[in-house]
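Each chain, written out:
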Amino acid sequence: MSSFHKLSIQEIHRETSKSISITFNVPENLNATFSFQAGQYITLKTIIEGHELRRDYSICSSPKSGTLKIAIKEVTDGTFSAYANTQLKVGDVLEVAPPKGRFVFTPNDSKTKNIAAFAAGSGITPVLSIIKCALEEEVHSKVILVYGNKTTGDTMFLNELLDLQHQYKDRFSIQFVFSQADEDNSIFGRIEKSTVNYVMKNKHKHVEVDAFYLCGPEAMIHMVKDVLTGNGIDENRIHFELFKAAKSVEIEDETAIESGKTEITVIVDDEETTFEMSQKQTILEAALDEDIDAPYSCQGGICSSCLARIKEGEATMRQNNILTESEVAEGLILTCQAQPTTPKIVIDYDDV
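Conventions used here
- Residues numbered from 1 in each chain as written.
- Predicted model: local features only at pLDDT ≥ 70, side-chain atom pairs only at ≥ 80, totals over all residues.
- Heavy atoms only, no water.
- Helix = DSSP H or I, 4+ residues; strand = E, 2+ residues; numbered from the N terminus.
- Contact = heavy atoms within 4.5 Å.
- Salt bridge = Lys/Arg side-chain N within 4 Å of Asp/Glu carboxyl O.
- Buried < 20%, exposed > 50% of the residue type's maximum accessible area, 1.4 Å probe, protein only.
- Pairing = 2+ DSSP bridges.
- Axes fitted to C-alpha atoms, helices over the stretch in contact; angles between N-to-C directions.
- Parallel < 35°, antiparallel > 145°, perpendicular 65-115°, else oblique.
- Left-handed = near helix turned anticlockwise from the far one by under 90°.
- Nonpolar A, V, L, I, M, F, W, Y, C, P; charged D, E, K, R; others polar.
- pLDDT = per-residue confidence, 0-100.
- Core = buried A, V, L, I, M, F, W, Y, C linked by side-chain atoms within 4.5 Å.
- Disulfide = S-S within 2.5 Å.
- Arc of directions from axis to C-beta.

A. Spotlight on the environment of tyrosine 213. Here tyrosine 213 shows up in strand E11 (residues 211–217). Along the chain, tyrosine 213 and tyrosine 41 lie 172 residues apart, while their C-alpha atoms are 15 Å from each other. Leave out the neighbours within four places in its chain, and tyrosine 213 touches Phe103, Val104, Phe105, Ile115, Ala116, Ala117, Phe118, Ile130 and His239.

Written out as structure tokens, the structure is:
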């Protein structure tokens, strides 16, 4: 189970008027703990106005850089993102959990392969790490990026991406898409079906893409994925991570959740705790009510921090944007979305 470590801020860089990047000081004895794969994220924990907040932020540096760097975009009504963009300063200390996440790129320089990435807004953050890793560690591979924003002024890492494009001009191509600005060599509008078809079937029709990486709002991800699969791309070659999910919906079959109780056993860090919970609660809510140190972050079903395995009993999830059908069949659940449907259930956070 992930434990938090206190890390001080080494550098803060203003990326746009509404976003910053933060580089952490990682002590030598924690280098192995904070080693990461391109695409992974870290969870930050801090206290703001007496309330503990946990937030996930993707790493934007490359694994070989020796740097742990994230980006935080201020969002409307975002307590932590507003705090980070206006209050944090160099030298401040935050509690940070080791990197994790399933949206990862594993380089293999023994094989030449090409990747295409579609990102919108702050969804560029893990994609930037993936791009850097591919360019640095797969010296013959090509990378295509489609990146959507409102304007150039809203575009995170704009100069860094242009520098990478100049450095790897034969291997890295960028298609900018701006919804509120008509710029040279860019597409005016949003990333939509025509954008995907233009880039993949026209502009780069001679490039055989081996893997696709999508990151951004849920609607964009589903649209891009549908267009790709409609063009014959195997779903196994399409990887995605949501930065903003659609509003959570109630379970369609209300009869699946009774108003009764479930005896639940929660296993965390080899410790078992058994108690009774309401079937109207999520498993994570019930565990936290019992002061169990269960892992969590977004509590919205778009990260994998609260992942656990059902060892006995059954549960249903309000929504699932991460787990595949086979993983669900193996008993994996997002405990922030899962409600028990049997009189007894055993949940293991360690067996994931």
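Now that the structure has been shown, the text picks up again.
B. View of the pattern of salt bridges. Counting across every chain of the model gives nine salt bridges. The shortest N-O distance in the salt bridge between lysine 45 and glutamate 95 comes to 3.8 Å. With a gap of 50 residues between them, lysine 45 in strand E3 (residues 41–48) and glutamate 95 in strand E6 (residues 93–96) connect regions that are remote in the sequence. Residue class for lysine 45 comes out buried when judged on its relative accessible area of 15%. With relative accessibility at 28%, the residue glutamate 95 sits in the partly exposed group. Among the ionic pairs, glutamate 138 bridges to lysine 113, the shortest N-O distance being 2.2 Å. Of the two residues, glutamate 138 is situated in the loop between helix H2 (124–137) and strand E8 (143–149) and lysine 113 in the loop between E6 and strand E7 (115–120); the sequence distance between them amounts to 25 residues. For the pair glutamate 138 and lysine 113, a shared accessibility class is recorded, and that class is buried.

C. Geometry of the sheet that holds strand E13 (residues 261–268). What the five strands build is an open sheet, ordered E14-E13-E19-E15-E17; its pairing is mixed. Here the strands that pair on one side only, and so sit at the sheet edges, are strand E14 (271–278) and strand E17 (332–334). Strand-to-strand, the axes of this sheet are offset by a mean angle of 35 degrees, without reference to chain direction.

D. Focus on the packing of H2 against helix H3 (residues 158–167). Contact geometry for H2 and H3: axes closest at 12 Å, N-to-C directions at 20 degrees. As judged from the angle between their axes, H2 and H3 are roughly parallel. Every pair of crossing elements has a handedness; the one defined by H2 and H3 is left-handed. Here H2 contributes Ile124, Leu128 and Lys132 to the contact with H3, which in turn contributes Glu160, Leu161 and Leu164. Here the contact of H2 with H3 is composed, by residue class, of four nonpolar, no polar and two charged.

E. Representation of the confidence of the model for the chain within the structure. The share of residues in the chain with pLDDT of 70 or more is 95%, and the mean pLDDT across the chain is 91. In this model residues 247–256 is a low-confidence stretch, pLDDT under 50, and it forms twelve contacts with partners more than four residues away in sequence or in other chains.

F. Highlighting the nonpolar core. Judged by nonpolar contacts, the single largest core of 33 residues is most densely connected at Ile124, Leu145, Leu161 and Phe172. Of all the elements in the fold, those that place two or more residues in this core are E7, H2, E8, H3, strand E9 (172–178) and E11. Among the elements that make up this core, the one with the highest residue count is H2 (eight residues). Ala286, Leu332, Cys336 and Ala338 belong to the second largest nonpolar core, which has 26 residues in total.

G. Focus on the sheet that holds strand E4 (residues 51–58). Read from one edge to the other, the open sheet built from six strands follows the order E4-E3-E6-E1-E2-E5, with strand pairing classed as antiparallel. This sheet does not close on itself; its edge strands, each paired only once, are E4 and strand E5 (68–73). Direction aside, the axes of adjacent strands within the sheet are offset by 40 degrees on average. The sheet contact formed by strand E1 (residues 5–16) and strand E2 (residues 19–24) spans six bridges and is antiparallel. Across the sheet, residue isoleucine 9 finds its bridge partner in E2, namely phenylalanine 24.

H. Representation of the state of the cysteines in the model. Here the structure, examined in full by the defined rule, presents zero disulfides. As a non-bridged cysteine, cysteine 60 has cysteine 215 as the owner of its nearest cysteine sulfur, 12 Å distant. Not engaged in a disulfide, the cysteine cysteine 133 finds its nearest cysteine sulfur in cysteine 60; these two sulfurs lie 14 Å apart.

I. Spotlight on helix H1 (residues 79–86). Taken as a whole, H1 has its buried residues at Phe80, Ser81, Ala84 and Asn85. All buried residues of H1 lie within an arc of 125 degrees about the axis, which places them on one face of the element. Buried-residue contacts for H1 involve E1, E2, E3, E4, E5 and E6.

J. Molecular detail of the packing of helix H4 (residues 193–203) against helix H5 (residues 218–230). Two numbers describe how H4 lies on H5: the axes approach to 9 Å, and their chain directions differ by 50 degrees. In terms of orientation, H4 lies oblique with respect to H5. Note that H4 runs across H5; the crossing there is right-handed. Contacts between H4 and H5 involve Lys193, Val196, Asn197 and Met200 from the former and Met223, Val224, Val227 and Leu228 from the latter.

K. Geometry of the pairing of strand E19 (residues 344–348). The buried count for E19 comes to four of five residues, which makes it a mostly enclosed element. Note: E13 against E19, five bridges, orientation parallel. The residue bridging isoleucine 264 from the neighbouring strand is isoleucine 345, located in E19. Of the pairings in the sheet, the one linking strand E15 (residues 307–312) to E19 comprises three bridges and is antiparallel in character. Each residue of the ladder has a partner; that of arginine 309, found in E19, is aspartate 348.

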